[in-house]
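Chain by chain, the residues:
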Amino acid sequence: MSLYAHVTGWGIAVPDEILTNEKLAQIVETSDEWIVSRTGIRERRIARKDQSTATLAADAARKALERTEIDARDLDLIILATSSPEHIFPATACLVQDSIGAIKAGAFDLSAACTGFIFALNMAAQAIRSGSIENALVIGSETLSRLVNWDDRSTCILFGDGAGAFVLQASDEPGGILSAVMRSDGSGGNLLSVPAGGSKIPTSHEAIDKNQHLIQMNGREVFRFATRVMASATRDTAAHAGWDVEEIDYVIPHQANQRIIEAAARGLRLPIDRFIVNLEKYGNTSTASIPLAMVEALDNGQIKDGSNLVLVGFGAGLTWGALSMRWIEPKVKVTRLERRRRSLLTWLARMRSFLRRVQRRIEGLIWGTSSKGQE
Ligand code: UT7
């Protein structure tokens, strides 16, 4: 039985539209100087009307699969971490499953806000290491621009849209995901939330008038909490992996605020250049922020074969967690012919999905079932 869970594929998808601090200063009373000095963020991406959490996720997933020796039909499990799902239900993960043609994968969403990608990665790794599955897809995807209150300068400057995906595979080769810590404290649930649209405050005109369908945050409290937990979670997961903190080559933190990352570096007594940071380009993309940072560091060669990595995050819930990973470079080379075969499979997946919808329509007409809920 394979004992290890390795990341073998990785991909990201970000919208083309860039919203700079200067442009934001035309929407709310703020300035590039304030945003950069308090957060480190310079710009963020904003999804087009035809893009959504599911489409960004599916794009990132396809790119991640392209790097591997498997295709979507080999996936056993899809976990999609998100704070901005397409709907309350169905799960956004199921929409991605359909879009990429992962015909034998169970798919579900994981809601742990910005810590979600770490929790999802750990759950998928555990399933692989237990021997119950072989191949998993883990995605962090967001269109937070749809949940931001564009009149609230203390939150609208922070968030952005994007997605990142990892393929995880079982292997006998030592390394991969080694340990994780997952923590939560619901007593702080009110500090960062989208209060309405669920069962407690169903969508209503009144809720919308009060902006309860949009992100509300006590920034100072979240900041204090984050600076407390980032270093301790990193230390805990490193200890579980059998590493001293100095043995960590790179920490990939949730990209919320440069000052929070610097506080974590001070708390761990690690130089700031051991932290992978790209929040200046994308802002806080919640569940997508860690894969967006890690994929960039993989693609520019910063993360090398054998690197000891810690992924660490915090978010609404409150939740926080960290995960340690020894990076082993996958040795797969995908040929051009193979790429062609996969494009064909993607096309076939779309056709299959379309035909299933048509089949349901026809069956509905024959059996006289209502057309409700078919759109
Ligand atoms: O994924 C987790 C998501 N959440 C976070 O990571 C948030 C963590 N918190 C933070 O990053 C910081 O608390 C913020 C960046 C949100 C705010 O920075 P801060 O240094 O904590 O500022 P503050 O809330 O203490 O506000 C300081 C001042 C206030 O003015 P007064 O009351 O001192 O006159 C704010 O009204 O800055 C004002 N302010 C702004 N000024 C210009 C708040 N937002 C802005 C703005 N531009 N965008």
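That block above? That's the structure.
Sequence order sets the numbering: in each chain, residues are counted from 1 along the sequence as written. Thresholds applied to this predicted model are a pLDDT of at least 70 for local features of residues and 80 or more for the giving and counting of side-chain atom pairs; totals over whole chains, interfaces and linings are not thresholded and use all residues.

J.: Can you help me understand the site of the ligand in this one?
T.: Thr30, Arg153, Gly219, Phe223 and Ala256 are the nearest of the 20 residues found near the ligand. Strands are runs of DSSP state E lasting at least 2 residues, helices are runs of H or I lasting at least 4, and numbering of each runs from the N terminus. For the shell around the ligand, the secondary-structure elements that each account for two or more residues are helix H2 (32–39), helix H6 (153–156) and helix H8 (219–241). The residue inventory of the shell around the ligand, partitioned by class, reads ten nonpolar, seven polar and three charged. In this entry, near means the residue's backbone-placed C-beta atom lies within 6 Å of the molecule or strand. All residues other than Ala, Val, Leu, Ile, Met, Phe, Trp, Tyr, Cys, Pro, Asp, Glu, Lys and Arg, Gly among them, are scored as polar; the first ten of these are nonpolar and the last four charged.

J.: Please explain the environment of isoleucine 133 as it appears in this structure.
T.: Inspection of the secondary structure assignment puts isoleucine 133 in the loop between helix H5 (116–129) and strand S6 (135–143). Between the C-alpha atoms of isoleucine 133 and alanine 239, which are 106 residues apart in sequence, the distance is 27 Å. Contact between two residues is assigned whenever their backbone-derived C-beta positions fall within 7 Å. Leave out the neighbours within four places in its chain, and isoleucine 133 touches Asp76, Leu77, Ala127 and Ile128.

J.: When you look at the nonpolar core in this model, what are you seeing that I'm missing?
T.: If you look at soluble globular proteins, the nonpolar side chains tend to sit buried side by side. In this description, a nonpolar core means buried residues of the types Ala, Val, Leu, Ile, Met, Phe, Trp, Tyr and Cys, linked to one another by C-beta atoms lying within 7 Å. Exposure in this text rests on C-beta crowding, where 20 or more other C-beta atoms within 10 Å of a residue's own make it buried, 12 or fewer make it exposed, and counts in between make it partly exposed. The C-beta atoms are placed from the backbone. Within the largest apolar cluster, 116 residues are counted, with the highest numbers of intra-cluster contacts made by Ala57, Ala61, Ile78, Val96, Ala124, Val138 and Ile139. Setting aside chain neighbours within four positions, we find alanine 57 in contact with Leu80, Thr92, Val96, Ile139, Ser141, Ala163 and Ala165.

J.: Help me understand the pairing of strand S7 (residues 161–171) in this model?
T.: As a general feature of sheets, a regular strand has side chains that alternate between the two faces. Summarising burial for S7: ten of the eleven residues are buried, a large majority. Two strands pair if DSSP finds at least two bridges between them. Pairing analysis gives nine bridges linking S6 to S7, with the strands arranged antiparallel. Residue pairing across strands places glycine 140 opposite glycine 164, the latter belonging to S7.

J.: How should I be thinking about the sheet that holds strand S5 (residues 106–110) in this particular structure?
T.: Strand pairing in a sheet is mediated by backbone hydrogen bonds. Such pairs are either parallel or antiparallel. Across the sheet, which stays open at both edges, the five strands sit in the order S1-S7-S6-S4-S5 with mixed pairing between neighbours. Edge strands, defined here as strands with exactly one partner in the open sheet, are strand S1 (4–13) and S5. Strand-to-strand twist of the sheet, defined as the mean angle between neighbouring strand axes without regard to direction, takes the value 20°. Note on definitions: angles span 0 to 180 degrees between N-to-C directions of axes, and those axes are lines fitted to C-alpha atoms, for helices only across the stretch in contact. The strands touched by helix H3 (residues 53–66) are S1, strand S4 (77–81), S6 and S7; relative to S7, the strand with the most contacts, the crossing angle is about 40°.

J.: Whenever I open this one, the sheet that holds strand S8 (residues 176–184) confuses me. Can you help?
T.: Taken together, the four strands give an open sheet; going across it, the order is S8-S13-S12-S11, and neighbouring strands pair in mixed fashion. Two strands bound the open sheet, and with one partner strand each, they are S8 and strand S11 (250–253). Across this sheet, the average inter-strand angle for adjacent strands is 15°, counted without regard to direction. The strands touched by helix H11 (residues 289–299) are S11 and strand S12 (308–315); relative to S11, the strand with the most contacts, the crossing angle is about 145°.

J.: Is there a simple way to explain unusual backbone geometry in this structure?
T.: The phi angle of most residues is negative, glycine excepted, and most peptide bonds adopt the trans form. In this structure, proline 90 follows phenylalanine 89 across a cis peptide bond, with omega equal to 5°. You can see proline 90 is positioned in the loop between S4 and helix H4 (92–100). For the bond from glycine 317 to leucine 318, the omega torsion is -10°, close enough to zero to count as cis. Although it is not a glycine, asparagine 211 sits at a positive phi angle of roughly 60°. Relative to the assigned elements, asparagine 211 resides in the loop between helix H7 (205–209) and strand S10 (216–217). Despite not being glycine, serine 286 shows a phi value in the positive range, around 50°. Checked against the element boundaries, serine 286 lands in the loop between helix H10 (279–282) and H11. Serine 286 gets classed as buried once you count the C-beta atoms within 10 Å, which come to 32.

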